[in-house]
Amino acid sequence: VQLQASGGGLVQAGDYLRLSCAASGRTVSNYVMGWFRQAPGKEREFVAAINWNGGSIYYADSVKGRFTISRDNAKNTVYLQMNSLKPEDTAVYYCAADLRGLGYLLKYSEWDYWGQGTLVTVSS
């Protein structure tokens, strides 16, 4: 599975962005998909994850109520709608995919496939 993240950019605080992660190589319709981010000088952190049919979704507390993860299995793509962006959301955002269960992935954070990252910069 190859993952290509896109949609990052430079925005002002309060603005919005929508990130996309397009998968290729095989269908990811039965994969758990996730978004992570890594800010300068910090470790990579979990942002959001969605199971294969969107029936189970989890968010980090820091983005809950502002970010929305969704997927379109027909397009082999997962999205991250980011509203009310804050300067502390500045980071490189990565998408990830794995066949294991969402509960396992949330607990152990062992994802098999990663995208290359897209930079989001939020100015104050």
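Data block above holds the structure.
Everything numeric here is computed off the predicted structure, so don't read it as measured data.

Some words on the overall build of the protein
A tally of regular secondary structure across the protein gives one helix and eleven strands. If you list the helices and strands of the protein from N to C, you get β-β-β-β-β-β-β-β-β-α-β-β. C-alpha extents for the protein along the principal axes are approximately 40 × 25 × 25 Å. Per-residue burial over the protein gives 43% buried out of 124 residues. As displayed, the protein has an accessible area near 6,400 Å², and 47% of this comes from carbon and sulfur atoms. Across the protein, the 12 positively charged side chains and the 10 negatively charged ones have centroids separated by 4 Å.

Digging into the packing of aromatic side chains
Within the structure shown, the criterion is met by five aromatic pairs. With centroids separated by 5.7 Å and ring planes inclined at 75°, the aromatic side chains of Phe 36 and Phe 46 adopt a geometry described as edge-to-face. Note that Phe 36 is positioned in strand β4 (residues 32–38) and Phe 46 in strand β5 (residues 45–50), a separation of ten residues in sequence. Classification of Phe 36 by relative accessible area gives buried; the value is 4%. Assessed through its relative accessible area of 23%, Phe 46 is described here as partly exposed. Sitting over the face of the ring of Trp 114, Arg 44 holds its NZ or CZ atom 3.7 Å from the ring centroid.

Examining the state of the cysteines
One pass over the structure, following the stated rule, counts one disulfide. Two residues, Cys 21 and Cys 95, share a disulfide whose sulfurs are 2.1 Å apart. Handedness here is read from the sign of the S-S torsion; for Cys 21 and Cys 95, about 65°, the answer is right-handed. Note that Cys 21 is positioned in strand β3 (residues 17–24) and Cys 95 in strand β9 (residues 91–98), a separation of 74 residues in sequence. Under the relative-accessibility criterion, Cys 21 is labelled buried at 0%.

Examining the pairing of β3
Bridge analysis of strand β1 (residues 2–6) against β3 gives five bridges, and the strand direction is antiparallel. Within the sheet, the bridge partner assigned to Ala 5 lies in β3 and is Cys 21. Sheet topology places β3 next to strand β8 (residues 77–82); six bridges connect them, and they run antiparallel. Bridging across to β8, Ser 20 finds its partner in Tyr 79.

Thresholds, definitions, all that
Residues numbered from 1 in each chain as written. Predicted model: local features only at pLDDT ≥ 70, side-chain atom pairs only at ≥ 80, totals over all residues. Heavy atoms only, no water. Helix = DSSP H or I, 4+ residues; strand = E, 2+ residues; numbered from the N terminus. Buried < 20%, exposed > 50% of the residue type's maximum accessible area, 1.4 Å probe, protein only. Areas by Shrake-Rupley, 256 points an atom, 1.4 Å probe, with all protein chains shown as cover. Lys, Arg positive; Asp, Glu negative; His and termini not counted. Charge placed at Lys NZ, Arg CZ, Asp CG, Glu CD. Phe/Tyr/Trp six-rings, centres within 6.5 Å; stacked < 30°, edge-to-face > 60°. Lys NZ or Arg CZ within 6 Å of the ring centre and 35° of its normal. Disulfide = S-S within 2.5 Å. Pairing = 2+ DSSP bridges.

It is worth stressing that arrangement in space is one thing and function is another; only the former is reported here.
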